[in-house]
Amino acid sequence: MTILLAGLPLSGCSGTAEPEMLDYSGGAAVGMPNPFTSYQSVAEGENVVGFTVNKNFVPPASWQGRAPLVQVLDSYPDRKKMLQLIYVDAEKRNLYVRYSKQFTSREMNGDYNEYPVEKDIPFNGDTAHIRGSKEGFFTAEFSCRGISITVLSDLPLQGKDIAGICSGM
């Protein structure tokens, strides 16, 4: 008897390498279509969503030196839009920064892991909801100048990292 196993990434929000889909019927496996459209630049993505993001944002050290992958989700029936910037480091760890005027930051999160630290902290005149550990946070939800922002990270981040996303918008 042969047992087939498909490996899935264990980290919270990552997944640059997609697991092989196994189909036991002998036919080709069919996956869910990617709802995002990729763009060559942040400016192209901003044009689709209708607002700009912080052009001066410098990602934490692990993700510096590479341009982000730019994607826009605009296929919802109610035409809600979300701009997603994905920074990938040399070790294939991801930092997702998601922006929307129509989705709430909670709707954009998508990280269902449990973390030992979960709290609301004052941030730039608003409140950021962060989840993580004593080393730092892995997910943050907040709004800045009328734009909902969600940050998802494979590495623990500090408050200064989140402040850099909002400043200059």
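In this text, all values refer to a predicted model and were calculated from it rather than measured experimentally.

Participant: Could you clarify how one ought to interpret the sheet that holds strand S8 (residues 147-157) in this entry?
Facilitator: Paired through backbone hydrogen bonds, the strands of a sheet run either parallel or antiparallel to each other. Within the open sheet, the eight strands sit side by side as S1-S2-S3-S4-S8-S7-S6-S5. Their pairing is antiparallel. This sheet does not close on itself; its edge strands, each paired only once, are strand S1 (36-39) and strand S5 (117-123). Across the sheet, the axes of successive neighbouring strands diverge by a mean angle of 20°, strand direction being ignored. Taken strand by strand, helix H3 (residues 159-166) contacts strand S4 (94-100), S5, strand S7 (136-144) and S8, and its axis lies near 30° from that of S7.

Participant: Is there a simple way to think about the packing of aromatic side chains in this case?
Facilitator: The description of an aromatic ring pair uses the distance of the two centres, along with the angle that the planes make with each other. Tallied over the full model, the rule gives two aromatic pairs. Aromatic pair Phe57 and Tyr87: ring centres 5.8 Å apart, planes at 75°, arrangement edge-to-face. Within this pair, whereas Phe57 is found in the loop between helix H1 (42-49) and strand S2 (69-73), its partner Tyr87 is found in strand S3 (residues 82-88), the two being separated by 30 residues in sequence. The class of Tyr87 is buried, set by a relative accessible area of 8%. Ring geometry for Tyr115 against Phe138: centres 5.6 Å apart, planes inclined by 10°, an arrangement best described as stacked. Note that Tyr115 is positioned in the loop between helix H2 (105-109) and S5 and Phe138 in strand S7, a separation of 23 residues in sequence. As far as the burial class goes, Tyr115 and Phe138 line up, both buried. When the ring centre of Tyr96 is taken as origin, the NZ or CZ atom of Arg98, which lies over that ring, is 5.4 Å away.

Participant: Even after reading the chapter, I still don't get the side chain of Arg98, so can you show me in this structure?
Facilitator: Turning to its location among the elements, Arg98 is positioned in strand S4. Despite its burial, Arg98 pairs with no opposite charge; the closest candidate is Asp111, at 9.0 Å N-O. For Arg98, the side chain forms a polar contact with the side chain of Gln84, separated by 2.6 Å. For Arg98, the side chain forms a polar contact with the main-chain oxygen of Asn109, separated by 3.2 Å. Setting aside its immediate chain neighbours within four residues, Arg98 contacts Met82, Leu83, Gln84, Met108, Asn109, Ser148, Ile149, Thr150 and Leu152.

Participant: I keep staring at the environment of Ala61 and nothing clicks. Help me out?
Facilitator: Turning to its location among the elements, Ala61 is positioned in the loop between H1 and S2. In this structure the C-alpha to C-alpha distance between Ala61 and Asp161, which are 100 residues apart in sequence, comes to 9.9 Å.

Participant: So what exactly am I meant to see when it comes to the confidence of the model for the chain here?
Facilitator: Predicted coordinates in regions of low pLDDT should not be interpreted in detail. Counting all residues, the mean pLDDT for the chain is 80, and 79% of those residues have values of 70 or more. Note on residues 1-24: pLDDT is under 50 here. Beyond four places in sequence and across chains, it has 28 contacts.

Participant: What should I look at first to understand the pattern of salt bridges in this one?
Facilitator: Two side chains bearing opposite charge may form a pair once their charged atoms approach each other closely. All told, the structure shown has five salt bridges when counted by the stated rule. Note that Glu91 and Arg93 form a salt bridge whose closest N and O atoms lie 3.6 Å from each other. The class for Arg93 is partly exposed, based on a relative accessible area of 24%. Between Glu141 and Arg106 there is a salt bridge, with its nearest N and O atoms 3.1 Å apart. Here Glu141, found in strand S7, pairs with Arg106, found in helix H2; they are 35 residues apart in sequence, far enough to count as distant. A residue is classified by how much of its surface remains accessible, and Glu141, at 6% relative accessible area, is buried. For Arg106, a relative accessible area of 51% translates into the label exposed. Put simply, Asp89, Glu91 and Arg93 are held in one network by salt bridges that share partners.

Here is what the cut-offs are and how they apply
Residues numbered from 1 in each chain as written. Predicted model: local features only at pLDDT ≥ 70, side-chain atom pairs only at ≥ 80, totals over all residues. Heavy atoms only, no water. Pairing = 2+ DSSP bridges. Helix = DSSP H or I, 4+ residues; strand = E, 2+ residues; numbered from the N terminus. Axes fitted to C-alpha atoms, helices over the stretch in contact; angles between N-to-C directions. Contact = heavy atoms within 4.5 Å. Phe/Tyr/Trp six-rings, centres within 6.5 Å; stacked < 30°, edge-to-face > 60°. Buried < 20%, exposed > 50% of the residue type's maximum accessible area, 1.4 Å probe, protein only. Lys NZ or Arg CZ within 6 Å of the ring centre and 35° of its normal. Lys, Arg positive; Asp, Glu negative; His and termini not counted. Salt bridge = Lys/Arg side-chain N within 4 Å of Asp/Glu carboxyl O. Polar contact = N/O pair within 3.5 Å; in protein donor to acceptor, adjacent residues only side chain to side chain. pLDDT = per-residue confidence, 0-100.

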